[in-house]
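Spelled out, the chains give:
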Amino acid sequence: MRLLSSWKDKVTSLSFGGRHPPGHAATAFHNRFSSSSERAQRHRRPTRPILEAAAKERRHEPREPDETGQAMDAPTVLVVEDEPSLADILRITLEFHGFRVLRAGTGARAVELTRKHRPDLLLLDVMLPDGNGWQVCRTVRAEREDVPVVFLTARDAPADIVGGLALGGDDYITKPFNIDEVVARVRAVLRRARRQSPPPAVLRHGDVEMDEATCTVRRAGTPVELTPTEYALLRYLMLNAGRVATKEEILREVWRFGFSGESTVVETYIGYLRRKLDPLGPPLIVTRRGMGYRLRSAE
């Protein structure tokens, strides 16, 4: 099979939009990662060269924000999967959508990477060479109660699903699965985790510091005087750093009223914040035209 010429073509060839590539890779993806070892062996050879070439090319490309505005501040997902071809597809897909990805092929390695890198979410297979995902979940949760866990497994019996969720899993995806659904569910679990986590008393993003106890803001150590509305808007952007906040969302969460297509209040207050913050450092607020606003990645 001819290697496709660009990263986006390689990603598209893995059927991100529901389309299948020609030849053996299409057959492999159409079977959607069946648990049959015979089928996995049959399709592993034509798939891995494409994945390896895509991964190699991707490492040399600049990281661009996806539609959520995630780039340098993207959440880290630990993929725990012992099937190399499936692990590669999950890694490439998640990286394409703006996530940072770590990989582990065993339960012991998953626990080691969790302790070392503190990922934001575990995408966890249940059947592993050195044990099972239930044990990994128990070990990780004993040390980090707040880390979200999404099980991704061929064990689709109702008792397994109920048991995984009762053990503390935040979601349970059965194989075969749709790769776009996996990305959507990972994002949904991360959103819920962010809402449930109490914000720290002091918010920090790069050289900007917001003390919620005293309602004060500093940039590069210099106090910044903000009105209550400016403060609320900056606070919302800092709590949602790493993704795009839409105009409708900002109006609903900061001003507490529904979206009006003619309203320019968000643009006006973004301008006020820029005039007060930008003289003290690099431009902080990035406009994503037609989408919304996000904070520039912290360096």
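Scroll up to find the structure.
Predicted, not measured: the structure shown is a model, and the values here were computed from it. Here the residue numbers are simple positions, counted from 1 along each chain's written sequence. Only residues with pLDDT of 70 or above have their local features reported here, since the model is predicted, and side-chain atom pairs are shown and tallied only from 80 upward, although totals for entire chains, interfaces and linings are computed over all residues. Note that water and hydrogens are dropped before the side-chain values are worked out from all heavy atoms of the structure.

Enquirer: So what about the environment of Leu113? Which residues, and what values?
Expert: Relative to the helices and strands, Leu113 is located in helix H5 (residues 107-117). Those residues in contact with Leu113 that lie beyond four places of it in its chain are Leu78, Arg103, Ala104, Arg118 and Pro119. Numbering of helices and strands starts at the N terminus; helices are DSSP runs of H or I of at least 4 residues and strands are runs of E of at least 2. Should any heavy atoms of two residues lie within 4.5 Å, those residues are considered in contact.

Enquirer: Would you mind going over the nonpolar core in detail, with residue names and values included?
Expert: One finds Val217, Leu233, Leu234, Leu237, Ile250 and Ile285 to be the most contacted residues of the largest nonpolar core, which totals 25 residues. Those elements giving two or more residues to this core turn out to be strand S9 (208-211), helix H9 (228-239), helix H10 (247-255), helix H11 (265-277) and strand S14 (292-295). Of the residues forming this core, the biggest block, six residues, is contributed by H9. The contacts of Leu233, once residues within four sequence positions are left out, are Ile250, Val254, Trp255, Tyr269, Ile270 and Leu273. Grouping buried Ala, Val, Leu, Ile, Met, Phe, Trp, Tyr and Cys residues that are joined through side-chain atoms within 4.5 Å yields what is termed a nonpolar core. Under the scheme applied here, a residue whose accessible area is under 20% of the maximum for its type counts as buried, over 50% as exposed, and between as partly exposed, the area being computed with a 1.4 Å probe on protein chains only. Judged by nonpolar contacts, the second largest core, of 20 residues, contains Leu90, Phe99, Val150 and Phe177.

Enquirer: Describe in detail the side chain of Asp125, supporting the description with residues and values.
Expert: Tracing the backbone through its elements, the reader meets Asp125 in the loop between strand S3 (121-124) and strand S4 (127-128). Aside from chain neighbours lying at most four places away, what touches Asp125 is Val80, Glu81, Asp82, Gly133, Leu152, Thr153 and Lys175.

Enquirer: Lay out the packing of H10 against H11 in plain terms, naming residues and giving numbers.
Expert: Structural elements are reduced to axes, namely lines fitted to C-alpha atoms, with helices fitted over the stretch in contact, and the angle between N-to-C directions of any two is expressed from 0 to 180 degrees. Where H10 meets H11, the closest approach of the two axes is 10 Å, and the angle between their N-to-C directions is 80°. Comparing the axis directions of H10 and H11 gives the class roughly perpendicular. Every residue of H11 that contacts H10 at Lys247, Ile250, Leu251 and Trp255 is listed here: Val265, Val266, Glu267 and Tyr269. Across the contact of H10 with H11, the residue classes break down as six nonpolar, no polar and two charged. These descriptions rest on fixed angle ranges, namely under 35 degrees for roughly parallel, over 145 for roughly antiparallel, 65 to 115 for roughly perpendicular, and the rest for oblique. The classification used treats Ala, Val, Leu, Ile, Met, Phe, Trp, Tyr, Cys and Pro as nonpolar, Asp, Glu, Lys and Arg as charged, and all other residues, Gly among them, as polar.

In short, the description is geometric, and any link to function would need to be established separately.
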